[in-house]
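What follows is the residue order along each chain.
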Amino acid sequence: MFQFSRADELLEICAKQNLELPDAVILSEQEEWGRSRDEIWYEMEARLKIMENSVEKGLEPDLKSIGGLIGGNAAKLKSYIQYGSLGGKIINQAVAYALAVTEYNACMGKIVAAPTAGSSGILPGILMALKDEKNYSREQLINAMFVAAGIGKVIASSATLSGAAGGCQAECGAGSAMASASAAYLGGGNPGVCMEAAAMALKGLLGLVCDPVAGLVEVPCSKRNATSTANAIICADMALAGIDSFIPFDEVVDAMFRIGNMMSSDLKETARGGCALTPTALAFTQTIR
Amino acid sequence: MASVFDIIGPVMVGPSSSHTAGAVKLGNIARRCCADRINKVDFYLHGSFAETCRGHGTDRALLGGILGMNAADERIRNSLEYARESGIEFAFHSADLGDVHPNTVKIIINCANGSAGELTGASIGGGEVRVSSVNNTHIEFSGKYPTIITVHQDKPGIVAQVSAIFANHAVNIAFLKVFRQSRGSVASMVIETDQEVEPSMLDEIALVAEIKQIMFVDV
Ligand code: SF4
């Protein structure tokens, strides 16, 4: 009754039963897995705590990733924005937090994949920055996580969430779509507005390849979480302003899947193309082999 | 259909679900090959596992698994030190394991009682794994369910005897596969269950005359 694999179906469930997006997603989880609402809610709350912890730990200035390429960037941005910035406080705060989680991940810290470890910074980045600046309650943040999960389920059903199968559009692209919908939800957007935000966020990252330097989840991954975070906020604001994507979310997901299938395997996590084949990347790769 | 906790999750120690989380799981399954204290572990890393081992912490992840840690255990970062402290020797080798998945590892464990165990498996993405060999016998399982693996004499009636024990304990068999080298020789059964398995049930299975060895994996 509450199962969905397309955004259209999810929107219809919301409309017909007069449900908010998070409630529809929770009901489908209850129905599918036979768990109570409380159980599901507390498990999500536990994940929010782990996200908060990973942001905090990742902001420490003397972090060094095990591959040696990143660490300390989140701290740099965080201290820079205290004295103003070009892009504004919320975006930069969110970006700093996204960097923090990915840097902590690269130090073998404990994170919540969202949807993957490589793209784990975007959703917590946005949630924590909005919490700081707009004082959303914990309950609202947890609801926003269910919105993000609903978007992720749609992408997982019709396409893929794996860089090896679909390129980085399937990881950071998906993470950005999920986070954008959750931001639009927090901003007061109805279910349709959340879908427009997700559609625009994913559309903006279509075609993004997966080309990790030396095969490590460090460069370009960490900064790609940063740019995908900014992309998510911008698209949420556009959607809240009443701008629509023109291409509906389901069709953007289908397009993403087709692009992923057309992508050469050299550009899907194998480190045989893109950034991974630049002279700088190759020189670094020599040093660690 | 995926759970919301597969999308916002898993909770894991980074950096990579395939090279770190999956490696922890393989290590954790492999330690069941040794019924006694572990003396020494040799890891033979193939393909991408070998190439990016240090940068992904695959070495610490595998060893953390051997020490019984799960993919969300923050001690994984220091597992090499933990292993040294517990007097476990270990070594990592690059190896060509043939035409296998790029993230494959062969793990050889030397136990204090003089026996040796072997496990080969691949990390196939998203933290999921596929075991392809245990103690040099080709078998296959995913480690997603509580799994019982037997080594037994290939004779008619064994599968029925073992399934009867499951029925008596009201444990549902999700998947059952039988592997053997040739008719009448040594065979293996891989039984994946829906419910938890009581130790007493394992003891009962071990009592079946033809069963030479039994291993239980629950990760
Ligand atoms: S570049 Fe590849 S490994 Fe890095 S975040 Fe994107 S999909 Fe993941």
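First, a word on scope: everything that follows refers to the structure included in this document.

Definitions and limits used
- Residues numbered from 1 in each chain as written.
- Chains lettered and ligands numbered in written order.
- Predicted model: local features only at pLDDT ≥ 70, side-chain atom pairs only at ≥ 80, totals over all residues.
- Heavy atoms only, no water.
- Disulfide = S-S within 2.5 Å.
- Helix = DSSP H or I, 4+ residues; strand = E, 2+ residues; numbered from the N terminus.
- Buried < 20%, exposed > 50% of the residue type's maximum accessible area, 1.4 Å probe, protein only.
- Pairing = 2+ DSSP bridges.
- Core = buried A, V, L, I, M, F, W, Y, C linked by side-chain atoms within 4.5 Å.
- 1 Å grid on protein atoms, 1.4 Å probe; cavity = no way out; pocket = protein on both sides within 12 Å on 5 of 7 lines; lining within 4 Å.
- Points joined across faces, edges and corners; volume = space filled by probe spheres on them.
- Nonpolar A, V, L, I, M, F, W, Y, C, P; charged D, E, K, R; others polar.
- Axes fitted to C-alpha atoms, helices over the stretch in contact; angles between N-to-C directions.
- Parallel < 35°, antiparallel > 145°, perpendicular 65-115°, else oblique.
- Left-handed = near helix turned anticlockwise from the far one by under 90°.
- Contact = heavy atoms within 4.5 Å.
- Near = heavy atom within 4 Å.
- Expected span 1.5 Å × (residues − 1).
- Arc of directions from axis to C-beta.

## Focus on the state of the cysteines
Moving on, step 1. If you walk through the whole model with that rule in mind, you get one disulfide over all chains.
Moving on, step 2. Here C34(B) pairs with C111(B) through a disulfide, and the sulfurs are 2.3 Å apart. Residue C34(B) is found in the loop between α2 (17-30) and β2 (38-45), and its partner C111(B) is found in strand β4 (residues 104-111); the two are separated by 77 residues along the sequence.
Moving on, step 3. On the accessibility criterion, C34(B) (9% relative accessible area) is buried.
Moving on, step 4. Given a relative accessible area of 3%, C111(B) falls into the buried group.
Moving on, step 5. C235(A) takes part in no disulfide bond, and the closest cysteine sulfur to it belongs to C194(A), at a distance of 13 Å.

## Digging into the pairing of strand β5 (residues 116-125) of chain B
Residue and element names in this part refer to chain B.
Moving on, step 1. Among the 10 residues in β5, seven count as buried, and that is most of the element.
Moving on, step 2. Where β4 hands over to β5, the hairpin turn is made up of four residues, of which G114 adopts a positive phi near 95°.
Moving on, step 3. One ladder, built from six bridges, connects β5 with strand β6 (residues 128-134); its direction is antiparallel. The residue of β6 that forms the bridge with G121 is V131.
Moving on, step 4. If you look at the hairpin formed by β5 and β6, you'll find two residues sitting between the two strands, and G126 has a positive phi there, around 65°.

## Observations regarding the nonpolar core
Moving on, step 1. Counting 97 residues, the largest nonpolar core has M44(A), L127(A), F146(A), I151(A), I155(A), F249(A) and I8(B) as its most contacted members.
Moving on, step 2. Per element, the largest residue contribution to this core is 11 residues, and it comes from helix α7 (residues 138-158) of chain A.
Moving on, step 3. Counting residues in hydrophobic clusters, the runner-up holds 39 residues, among them I29(B), I107(B), C111(B) and V129(B).

## Digging into empty space enclosed by the protein
All names here are of chain A.
Moving on, step 1. Here the structure, examined in full by the defined rule, presents one cavity of 30 Å³ or more.
Moving on, step 2. Surrounding the largest cavity, I70, T102, N105, A117, G118, V217, C221 and S222 form its lining.
Moving on, step 3. Contributing elements (two or more residues each) for the lining of the largest cavity: α5 (89-106) and α11 (221-240).
Moving on, step 4. Broken down by class, the residue content of the lining of the largest cavity amounts to four nonpolar, four polar and no charged.

## A word on the packing of α7(A) against helix α9 (residues 172-186) of chain A
All names here are of chain A.
Moving on, step 1. Where α7 meets α9, the closest approach of the two axes is 8 Å, and the angle between their N-to-C directions is 140°. Our classification of the angle between α7 and α9 gives oblique. The crossing of α7 and α9 is right-handed. Facing α7, whose interface residues are Q140, L141, N143, A144, V147, A148, I151, G152 and I155, α9 presents A174, A177, M178, A181, S182, Y185 and L186.

## Looking at the environment of A177(A)
Residues and elements named next belong to chain A.
Moving on, step 1. In this structure, A177 sits in helix α9.
Moving on, step 2. When its relative accessible area of 0% is taken as the criterion, A177 is described as buried.
Moving on, step 3. Residues A177 and I155 lie 22 residues apart in sequence; the distance between their C-alpha atoms is 9.5 Å.

## Things to note about the site of the ligand
Moving on, step 1. Every residue lining the ligand is accounted for by G118(A), G163(A), C168(A), E171(A), C210(A), D211(A), C221(A) and R224(A).
Moving on, step 2. Class assignment for the residues of the shell around the ligand results in three nonpolar, two polar and three charged.

## Brief notes about the environment of L282(A)
Residues and elements named next belong to chain A.
Moving on, step 1. By the secondary structure assignment, L282 is in helix α13 (residues 279-288).
Moving on, step 2. For L282, a relative accessible area of 39% corresponds to the partly exposed category.
Moving on, step 3. Sequence-distant contacts of L282, defined by excluding residues within four places in its chain, comprise A276 and L277.

## Describing the sheet that holds strand β10 (residues 186-193) of chain B
Residue and element names in this part refer to chain B.
Moving on, step 1. Spatial ordering of the open sheet is given by β9-β10-β8-β11, a layout of four strands whose pairing is antiparallel. Every other strand in the sheet has two partners, leaving β9 (173-180) and β11 (211-217) as the edge strands with one partner each. Taking each pair of neighbouring strands and ignoring which way they run, the sheet shows an average axis angle of 15°.
Moving on, step 2. Across seven bridges, β9 lies against β10 in antiparallel orientation. Its bridge partner lying in β10, F175 is registered against E192.
Moving on, step 3. Packed on one face of the sheet, helix α8 (residues 199-207) meets β8 (147-153) and β11 and runs near 155° to β11.

## Focus on the environment of G274(A)
Residue and element names in this part refer to chain A.
Moving on, step 1. Within the fold, G274 resides in the loop between α12 (249-262) and α13.
Moving on, step 2. For the pair G274 and V209, spaced 65 residues apart in sequence, the C-alpha to C-alpha distance is 7.6 Å.
Moving on, step 3. Ignoring sequence-local partners within four residues, the contact set of G274 consists of D211 and L267.

## Quick notes on helix α3 (residues 37-58) of chain A
Moving on, step 1. Helix length check: α3(A), at 22 residues, gives a terminal C-alpha distance of 32 Å against a target of 32 Å (1.5 Å per residue), a fit within 8%.
Moving on, step 2. Three or more residues of α3(A) are buried, namely I40(A), W41(A), M44(A), E45(A), R47(A), L48(A), I50(A), M51(A), E52(A), S54(A), V55(A) and G58(A).

## Notes on α13(A)
Residue and element names in this part refer to chain A.
Moving on, step 1. Of the residues making up α13, those classed as buried are A281, F284 and T285. End-on, the buried residues of α13 take up no more than an arc of 105°, which puts them together on one face. Away from the buried face of α13 by more than 90 degrees, exposed residues P279, Q286 and T287 are located.

## Regarding the packing of helix α4 (residues 73-80) of chain A against α5(A)
All names here are of chain A.
Moving on, step 1. Following both chains from N to C, one finds α4 and α5 inclined at 160°, their axes separated by 8 Å at the closest point. As far as their axial angle goes, α5 and α4 are roughly antiparallel. Considering how the two elements wind past one another, α4 and α5 form a crossing that is left-handed. Of α5, the residues touching α4 (which contributes N73, A74, L77 and K78) are N92, Q93, V95, A96, Y97, L99, A100 and E103.
Moving on, step 2. A class-by-class count of the residues in the contact of α4 with α5 yields seven nonpolar, three polar and two charged.

## Let's talk about the sheet that holds β5(B)
Residue and element names in this part refer to chain B.
Moving on, step 1. Taken in spatial order, the six strands make up an open sheet running β3-β2-β4-β5-β6-β7, and their pairing is mixed. Bordering the open sheet on either side are β3 (89-94) and β7 (137-141), each of which pairs with just one other strand. If you compare each strand with its neighbour and ignore which way they point, the axes differ by 20° on average.
Moving on, step 2. Against the sheet, α2 touches β4, β5, β6 and β7, its axis set at about 155° to β5.

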